[in-house]
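Here are the chains, one letter per residue:
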Amino acid sequence: MKTNIKTYVVASLFLIACTVSATAQTRKRTSTKVTTTKTVVKTTPNRVSSRKVVYRTPKKKVVSVRTVPNRTVIRHKGNDYYYSNNKFYTVSRGRYIVIAPKIGFKIKTLPSDYRRVRFNNRVYFYVGGTFYTEVNSEYEVVEPEVGTIVYELPDGYEKVNIDGQTYFEFANILYEKVQVNGTRAYEVVGIIDME
């Protein structure tokens, strides 16, 4: 009788083991994991209305000076602007205020600290956040193409928010921080249209 009980227990354990094994195998075969991939599409601005741009610092401090030494007068669209020490100025209430250069401003000589930037078969001369191209022996302020990469932002850039995304802005050019070969860089992603 002990032998029958042992046989019965061994047979029962064997059946339980087979059932568990079969169940485990069945689970492996039938449990196909469904993976859903969510694609996040990040839209970059290109051209953005100034109304959509939210500056982190609502009011920018305006710095003015009484005189601009060794200035060069730049006539642009009927207005006089001034260029000195790699900065552009306009006159307001008898004082000179530093401004971002307007597209189309021309200077005869580039500042010595310019960087040559190549993108899509174009050569830009980049200095202090301003992009120039050479036109008839002068250097004209231009908008860079979206995708142009620079490795430093100028002093005075600002952080802005557009549709929940943070960008860097200088002279109405929007930049996004990127990595290029393990080095921090800034890619031009758009231009702010002033209205």
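Up top is the structure these notes are about.
Everything quoted here is computed from the prediction, not taken from an experiment.

## Comments concerning the sheet that holds strand 7 (residues 95–99)
Within a sheet, each strand pairs with its neighbour through backbone hydrogen bonds, oriented either parallel or antiparallel. Across the sheet, which stays open at both edges, the five strands sit in the order 3-7-6-5-4 with antiparallel pairing between neighbours. The open sheet terminates on both sides in strands that have one partner only, identified here as strand 3 (64–65) and strand 4 (72–76).

## A look at the side chain of E140
With respect to the helices and strands, E140 occurs in strand 12 (residues 138–141). Although E140 is buried, it makes no salt bridge; K106 carries the closest opposite charge, 4.2 Å away. Ignoring any residue separated from it by four or fewer positions in sequence, one finds E140 in contact with G104, F105, K106, F131, Y132, T133 and V135.

## Observations regarding the nonpolar core
Core analysis: the biggest nonpolar cluster contains 14 residues, and Y124, Y126, F131, V150, I173, Y175 and Y186 have the highest contact counts within it. Elements with a contribution of two residues or more to this core: strand 9 (115–119), strand 10 (122–127), strand 16 (173–180) and strand 17 (183–193). Sorting elements by how many residues they give to this core places strand 17 first, with three residues. Excluding residues within four positions of it along the chain, Y124 makes contact with R115, R116, V117, F119, F131, Y132, T133, V142, E143, P144, E145 and T148. Counting 12 residues, the second largest nonpolar core, distinct from the first, contains F88, F125, V127 and V141.

## Looking at the pattern of salt bridges
Throughout the structure, instances matching the rule amount to two salt bridges. R75 is paired through a salt bridge with D80; the nearest N and O atoms lie 2.6 Å apart. Residue D80 is classed as partly exposed on the basis of its relative accessible area, which comes to 35%. One salt bridge in this structure joins E138 and K108, with 3.2 Å as the shortest N-O distance. With a gap of 30 residues between them, E138 in strand 12 and K108 in the loop between strand 8 (106–107) and strand 9 connect regions that are remote in the sequence. A residue is classified by how much of its surface remains accessible, and E138, at 22% relative accessible area, is partly exposed.

## With respect to the packing of aromatic side chains
Where two aromatic rings form a pair, the distance of their centres and the angle of their planes describe that pair. Tallying each qualifying case throughout the model produces 10 aromatic pairs. Between Y83 and F88, the aromatic rings sit 4.7 Å apart at their centres with planes inclined by 45°, giving tilted as the arrangement. The buried category is assigned to Y83, whose relative accessible area is 11%. An angle of 80° between the planes, with centres 5.6 Å apart, marks the rings of Y124 and F131 as edge-to-face. Each of the two residues, Y124 as well as F131, counts as buried. Among the aromatic side chains, those forming a connected cluster through ring pairs are Y81, Y83, F88 and F105.

## Some remarks on the sheet that holds strand 12
Pairing is antiparallel in the open sheet, where five strands are placed in the order 8-12-11-10-9. The outermost strands of the open sheet, each flanked by one partner alone, are strand 8 and strand 9. As paired elements, strand 10 and strand 11 (residues 130–135) share three bridges and run antiparallel to each other. By the bridge assignment, F125 is partnered in strand 11 with Y132.

Calculation rules
As a convention, each chain's residues are numbered from 1 in the sequence order in which they are written. In view of the model being predicted, local features appear only for residues whose pLDDT reaches at least 70, and side-chain atom pairs are presented and counted only at 80 or more, with totals across whole chains, interfaces and linings using the full set of residues. As a rule here, side-chain values come from all non-hydrogen atoms in the structure, and water together with hydrogens is ignored. If DSSP finds at least two bridges between two strands, the strands pair. Going along the chain from the N terminus, every DSSP run of H or I of four or more residues is numbered as a helix, and every run of E of two or more is numbered as a strand. Type-normalised accessible area, obtained with a 1.4 Å probe on protein chains alone, sets the label of each residue: buried when under 20%, exposed when over 50%, and partly exposed for intermediate values. Neither His nor the chain ends contribute to the count of charged residues, in which Lys and Arg are positive and Asp and Glu negative. We define a salt bridge as a contact between a side-chain nitrogen of Lys or Arg and a carboxyl oxygen of Asp or Glu at a distance within 4 Å. Should any heavy atoms of two residues lie within 4.5 Å, those residues are counted as being in contact. The criterion is simple. A nonpolar core is a set of buried Ala, Val, Leu, Ile, Met, Phe, Trp, Tyr and Cys residues joined through side-chain atoms within 4.5 Å. Between rings of Phe, Tyr and Trp, where Trp is taken as its six-membered ring, a pair exists when centres lie within 6.5 Å; planes separated by under 30 degrees are stacked, by over 60 edge-to-face, and by other angles tilted.

Spatial relationships are all this shows, so hold off on functional conclusions.
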